[in-house]
Protein chains: 4
Amino acid sequence: MRVGVLTGGRDCPGLNAVVRAVVRKGVQVYGHEFVGFRDGWRGPLEGETVPLDIRAVRGTLPRGGTILGSSRTDPLAREDGAGRIRDTLAQFGVEGLIAIGGRDTLGTAARLADEHGVPCVGVPKTIDNDLPGTDRTIGFDTAVGVAVEAIDRLHTTAESHKRVLVVEVMGGEAGWIAVHSGLAGGANVILVPEQPFDVDQVCGWVTSRFQATYSPIVVVADGAVPKEGEAALGRTPGGTPGQVRLSGVGEWLAREIEHRTGKEARTTVLGHLQRGGSPSPADRWLATRFGLHAIDAVHERDFGTMVALHGTDIVRVPLREATGRPRTVDPRLYEEIGVFFG
Amino acid sequence: MRVGVLTGGRDCPGLNAVVRAVVRKGVQVYGHEFVGFRDGWRGPLEGETVPLDIRAVRGTLPRGGTILGSSRTDPLAREDGAGRIRDTLAQFGVEGLIAIGGRDTLGTAARLADEHGVPCVGVPKTIDNDLPGTDRTIGFDTAVGVAVEAIDRLHTTAESHKRVLVVEVMGGEAGWIAVHSGLAGGANVILVPEQPFDVDQVCGWVTSRFQATYSPIVVVADGAVPKEGEAALGRTPGGTPGQVRLSGVGEWLAREIEHRTGKEARTTVLGHLQRGGSPSPADRWLATRFGLHAIDAVHERDFGTMVALHGTDIVRVPLREATGRPRTVDPRLYEEIGVFFG
Amino acid sequence: MRVGVLTGGRDCPGLNAVVRAVVRKGVQVYGHEFVGFRDGWRGPLEGETVPLDIRAVRGTLPRGGTILGSSRTDPLAREDGAGRIRDTLAQFGVEGLIAIGGRDTLGTAARLADEHGVPCVGVPKTIDNDLPGTDRTIGFDTAVGVAVEAIDRLHTTAESHKRVLVVEVMGGEAGWIAVHSGLAGGANVILVPEQPFDVDQVCGWVTSRFQATYSPIVVVADGAVPKEGEAALGRTPGGTPGQVRLSGVGEWLAREIEHRTGKEARTTVLGHLQRGGSPSPADRWLATRFGLHAIDAVHERDFGTMVALHGTDIVRVPLREATGRPRTVDPRLYEEIGVFFG
Amino acid sequence: MRVGVLTGGRDCPGLNAVVRAVVRKGVQVYGHEFVGFRDGWRGPLEGETVPLDIRAVRGTLPRGGTILGSSRTDPLAREDGAGRIRDTLAQFGVEGLIAIGGRDTLGTAARLADEHGVPCVGVPKTIDNDLPGTDRTIGFDTAVGVAVEAIDRLHTTAESHKRVLVVEVMGGEAGWIAVHSGLAGGANVILVPEQPFDVDQVCGWVTSRFQATYSPIVVVADGAVPKEGEAALGRTPGGTPGQVRLSGVGEWLAREIEHRTGKEARTTVLGHLQRGGSPSPADRWLATRFGLHAIDAVHERDFGTMVALHGTDIVRVPLREATGRPRTVDPRLYEEIGVFFG
């Protein structure tokens, strides 16, 4: 059996670990051959491949990024997309396709499988951890680790200079990185996209923290918005709303805090640091097990499925499940951790 | 309500994070007061306490060890143990006791709760991850991280010198650290207590790995034993069995591999390194959530219970569950990862 | 003898290690007593102190920040500054004062010692490493470590997405962090304040790197400026010069690179991350040795001096030396490392 | 010009960084070609080579180990060794040979250059930092980092369990790793090969540390010996001297401390961990600059020299200098840091 593999969407640590596990088990246990498709869905769309065998995956377990390349190409944005992909698979004799990606990549896989008969199996990855159907996605544990290391560092600066330090982490629609890194990093305020925040309440927490002799750390997901709404982010402190948004929410919030509390505030935007570098041990473990189970699913021709973590087990769920609304932070969890605010 | 807290057994990263969460929520949400008992069960047995309030737990989230001290004292080894503990609690007005520990500490808590009416709530910790009733214990993720970092380092030495490197990790009765760190570290052989190993098979894997131009890393749990049985560990290579055991299984195995394959082999024993230092972000998250839920259980006077991780939820299970046989590595999981051996 | 200690200027890792060494040797070997002055020169100016003895410094070796607090207060900005400081020292019976700081703090110490008879000994710290008179300053090695870890992470993202990644590091007047972290991180372009850069040449390097199948990393010190001059930084890509500067040089350069090469470019600004957290082993070593030698100088009443690293020796140099022009990157060194550009 | 490169002796982090810098500058600036000799002196002795060009060194900067392999082969142990090496160089048209190694490898290079006309340039590496003629050797900073990270971890365990923790680090003839890691790690006792230690004095320090409420960490170089002499290491605690030595000095010392003080003591042997893994930023910097200067020396046919660090400059010294007695820890430095003992 010949099997195709692609990695789509933004890169994250652990992609190579999945590919390696898929190839090791496919070759050694099932005798499969492999075709690597280059740059996500662009690969099967345009027939671009990279060699993929035991040798190609050697030594890749601890390496970040993806040896297959990635892109955000959406093949279903073009009318002949599904047909071209089927043609490419036929041309290379590929009978099963493992797509490793986030909501967009897996959403495409779901539609290709359900509506166009493309034999897809999905593997969920995203540092945002917001895919429904699985307890955790690849890349999340590493991203949280980067954020916590940064927060640990910033504590000492906050204390030495009596400053508010705002840390902007990733999370456009779900605040998983914010709540995990904020809690583990001992942040005094954690703001998430799921709950519009009240700047005055934030300033109240900041002020009370100073009274307790500590300088506060505020962790804010880049998708968090104030109660006044997204438009407020274009406003200068004390100024008129509705202007062009010039900066991220972290920078905006620091300026508001300075304006309202009179305390110095600084922002650190972690950005790409959260998706680079060697995967954490937990991500290597999860990625490897996802890979081993994905090739099982392909071997059993159980297409239209995605591997997922349930507790400590790897299970299969319908790919459709990964294309629904993002899995967001439960309000009860957010309330539970609120004891540490202020 | 006045609540006692103790940490028992061998130390592990995350203990302070539990204590901090217990105190923060207890004081701020429930208005509890706290008594810290010193050195595990020795504290309530001998009436030794340490002050425990918001100030005492400040800044302790990222710190390893335990501010309460620990010991392996078993109060039920003495006839009047349960009575003395009840007396101490009465003396200090303690109406609920949170015991943070592994199998021994929680086994004692279970018996004290079930047989002697001591109002205990348990929190599961052990780097070995072998407690029944919970998906994960505090300390495990950090210990795996230490082991993987070591294995990552050793790869380059193995390759430069064409040597077999044996890494002995903790795991007396369960091979969780071995399988997680071995898989994440890209080990070529992983040996666990659950499966007696065949030295000749290990040597076969080692030899085949050399033929693939790589130098092998062997990860062995310190409780793993060869098929010939525990007694063989006293044997010198090629020598007579049954002598006194002079070294750990890692050192013994390296000597056997050298003797049987003619390849140089060296051993690294990680030992205490696995239980020290700052907890990983995942351990801080788990420890904090365990602490928040443990104080809830105390507040609700739901004694005789232990907080536990099920999937992504924190639940309560009977303390009894933690005193049963150790949770060991499922043979199917061990077989699943066997694709990477050799 | 009673000795005062203060830490001034922006915080950096290793300050506590100096203070600890000063106190340990002062108390144990010389029998000194200590007064900690709070928040840099503000402490002796306003008579604010913190207790400073063996107990106060216990456990502080690995901790970032400063237990004494810091500020950028300049006592010589007020007419009665020197007099007030002399008065405070007299009031507390302080016969020697150890000032740990960068160019500003030590410049003040030099003037106080030379012009006002204040018995100062200086210890050089700054993550920028730009103090004359010493081979290295405290905090530099840690800052480089943070930057290299970030660059290591960003490599995988650059490669997976075929993007230019610009990393802005600290260095307003000297490019030490840029050249050390850029070289150690395998950057393809390194830009420093000492050498105005030619954007077209940078774009040429970027383009040639893409042809070699790698995605480039550009490291730029935040004080670097293009050949067109500082004013150009206010310009939008392809736009008119002379507008208000809206962002740092890293962000500006990324936009220029995108505009001129058509390649995607992203910026990461490390900012405060470089000055926080636990000091590296090399910084702990240097800070400790500086502290041991600074208290020797005080004990010998060798005031108006600064401890400094020459080779592997700690020596004393006149404090004046630390107040001259910043120590910048030698053009020959910059040329030497140019072999890795492009 | 064709240039050979080899790496000899035990591996250490930074070897690949030297090779990469040599090749990058040699090819790009001087137009040299390269021959990699495999496994140290075995390569030119037996004519075994590996391809060495820009492509071969790509991505190797952060990688530990050596892409050329290493061995401890001594070509001068055989009568025809020098001649065979000359023959191999002639056969491959090699006009200059860069030998990267420690005392043995460079001693051989010195004799080959001085007595047999082999055109050698040396680059000093050893984690032990004991080569004369240079302020620092490649690998040392990384090894110290590993040791300090371990000591940081062990502090929490020592404190939680009131145990003495003995950490055995490398250093057969010189205590550089011990003094640097012990000082930076906050050890309470540091023992080096240069100064035979008095077990009773060590026990006195251990006991006084317990009285100060801390649990002690003892760092001991593996070449340290008690005052009673090497033979004592074969003795069981309280037993007769002169038996076979069964363990390292760390294990022996822990048993003695337990016997004499009644405190529990445990040993951690860091061993190979100190020489593996990715080089620290400081080692990458030093290795890269050594490489750039070594190829300059070859290009100028300045053979019989070794590159060396003096202060912040890279200079050339006669290779002979590296073959003398090891550079040991100055007794005054050891006395300076003694303030932290006990």
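All residue numbers here refer to positions counted from 1 along the written sequence of the relevant chain. Chains carry letters and ligands carry numbers; both start at the beginning, A for chains and 1 for ligands, and go up in the order they are written. Reporting of local features is limited, given that this is a predicted model, to residues whose pLDDT is at least 70; pairs of side-chain atoms are given and counted only at 80 or more, and all residues count toward the totals for whole chains, interfaces and linings. Side-chain descriptors were evaluated using all non-hydrogen atoms of the structure, hydrogens and water having been removed beforehand.

By the naming in an unreviewed UniProt entry, chain A is Pyrophosphate--fructose 6-phosphate 1-phosphotransferase, taken from Streptomyces galbus. UniProt positions are given in the numbering used here, feature names are shortened, and annotations may be inferred rather than shown by experiment. Under the UniProt heading Subcellular location (unreviewed entry), the note attached to chain A is "Cytoplasm". Turning to chain A, the UniProt record has this under Subunit (unreviewed entry): "Homodimer or homotetramer."

All names here are of chain B. A positive phi is found at N129, a non-glycine position, where the angle reads about 60°. Relative to the elements of secondary structure, N129 occurs in the loop between β5 (120-124) and α6 (140-161). Here the term buried applies to any residue with accessible area under 20% of the maximum for its type, exposed to any over 50%, and partly exposed to those in between, with areas from a 1.4 Å probe on protein chains only. Residue classification places N129 among the buried residues on the basis of a relative accessible area of 3%. Put simply, DSSP marks the helices as runs of H or I at least four residues long and the strands as runs of E at least two long, and each gets a number from the N terminus on.

Right, let's get into the relation of the copies chain A and chain B. Superposing chain A onto chain B requires a rotation of 180° together with a translation of 0.0 Å along the rotation axis, leaving an RMSD of 0.0 Å. Read as a symmetry element, the transformation amounts to a two-fold axis. Relative to the rotation axis, the closest C-alpha in chain A is found at A:G311, a distance of 1.8 Å. By the convention used here, residues are in contact when the closest approach between their heavy atoms is within 4.5 Å. Interface overlap between copies: 100% of the residues of chain A at the interface are likewise at the interface in chain B, consistent with a symmetric, same-surface contact. For this overlay, a least-squares fit was computed on C-alpha atoms, restricted to residues scoring pLDDT of at least 70 in both copies.

Listed as interface residues are 32 residues of chain D and, on the opposing side, 32 residues of chain B. A quick way to say it: buried area is the sum, across both parts, of accessible area lost when two parts are put together, with a 1.4 Å probe. Between chain D and chain B, the buried area comes to about 2,400 Å², and carbon and sulfur atoms account for 54% of it. Summed over the three residues of chain D that lose the most area to chain B, namely D:R153, D:H272 and D:L273, the buried surface amounts to 29% of that side. A side-chain nitrogen of Lys or Arg and a carboxyl oxygen of Asp or Glu constitute a salt bridge if their distance falls within 4 Å. Here B:D39 makes a salt bridge to D:K162, at a shortest N to O gap of 2.7 Å. Residues adjacent in sequence count toward polar contacts only when both atoms are side-chain atoms; beyond that, a polar contact is any pair of N or O atoms within 3.5 Å, and within protein one must be able to donate a hydrogen and the other to accept it. Connecting chain D to chain B are 18 residue pairs in polar contact (both at pLDDT 80 or more).

Of the residues lining the interface, 40 residues belong to chain A; the matching set on chain B comes to 40 residues. At the surface where chain A touches chain B, the tally comes to four salt bridges. Where chain A touches chain B, the interface holds ten residue pairs in polar contact (both at pLDDT 80 or more). With eight residues, the top contributor of residues to the side of chain A that touches chain B is helix α10 (residues 281-299) of chain A. Gly falls in the polar group here, along with every residue not listed as nonpolar (Ala, Val, Leu, Ile, Met, Phe, Trp, Tyr, Cys, Pro) or charged (Asp, Glu, Lys, Arg). When grouped by side-chain class, the residues that make up the side of chain A that touches chain B number 17 nonpolar, twelve polar and eleven charged.

The next thing to look at is the relation of the copies chain D and chain B. Superposing chain D onto chain B requires a rotation of 180° together with a translation of 0.0 Å along the rotation axis, leaving an RMSD of 0.0 Å. A share of 100% of interface residues in chain D that are also interface residues in chain B marks the association as one of identical surfaces.

Structural elements are reduced to axes, namely lines fitted to C-alpha atoms, with helices fitted over the stretch in contact, and the angle between N-to-C directions of any two is expressed from 0 to 180 degrees. Across the interface, helix α6 (residues 140-161) of chain A lies against helix α6 (residues 140-161) of chain C with an axial gap of 13 Å and an inter-helix angle of 160°. Taken together, the axis directions place α6(A) and α6(C) in an arrangement best described as roughly antiparallel. The element α6(A) and its partner α6(C) pack so that their crossing is left-handed. Residues A:T142, A:V146, A:E149 and A:R153 of α6(A) form the contact with α6(C), whose participating residues are C:T142, C:V146, C:E149 and C:R153. Broken down by class, the residue content of the contact of α6(A) with α6(C) amounts to two nonpolar, two polar and four charged. Comment on the angle field: the value is read as roughly parallel under 35 degrees, roughly antiparallel over 145, roughly perpendicular from 65 to 115, and oblique elsewhere. By definition, any crossing whose near helix is turned counterclockwise from its far helix by less than a right angle is left-handed, and any crossing with a clockwise turn is right-handed.

A word on the sheet that holds strand β4 (residues 96-101) of chain C. Residue and element names in this part refer to chain C. Being paired, for any two strands, means DSSP has found at least two bridges between them. With respect to topology, seven strands assemble into an open sheet ordered β3-β2-β1-β4-β5-β10-β11, the strand pairing being mixed. At either end of the open sheet lies a strand with only one pairing partner, and these are β3 (49-51) and β11 (313-318). Adjacent strand axes in the sheet meet at a mean angle of 30°, parallel and antiparallel pairs treated alike. Bridging between strand β5 (residues 120-124) and strand β10 (residues 305-310) involves two bridges; their strand directions are parallel. Directly across from V121, in β10, lies its bridge partner T305.

The next thing to look at is the side chain of D:H272. Position of D:H272 among the secondary structure elements: in the loop between β9 (265-269) and α10 (281-299). In this structure D:H272 touches B:L154, B:T157, B:R163, B:L165, B:R266, B:T268 and D:M170, once residues within four positions along its chain are discounted.

Residue and element names in this part refer to chain C. Contact geometry of helix α8 (residues 199-211) with helix α9 (residues 249-261) gives a least axis separation of 10 Å together with a crossing angle of 70°. With respect to each other, α8 and α9 are oriented roughly perpendicular. The two elements α8 and α9 meet at a crossing, and its hand is right-handed. Along its contact with α8, which presents V199, D200, V202, C203, V206 and T207, the element α9 presents W252, L253, E256, I257, R260 and T261. In terms of residue class, the contact of α8 with α9 is made up of seven nonpolar, two polar and three charged.

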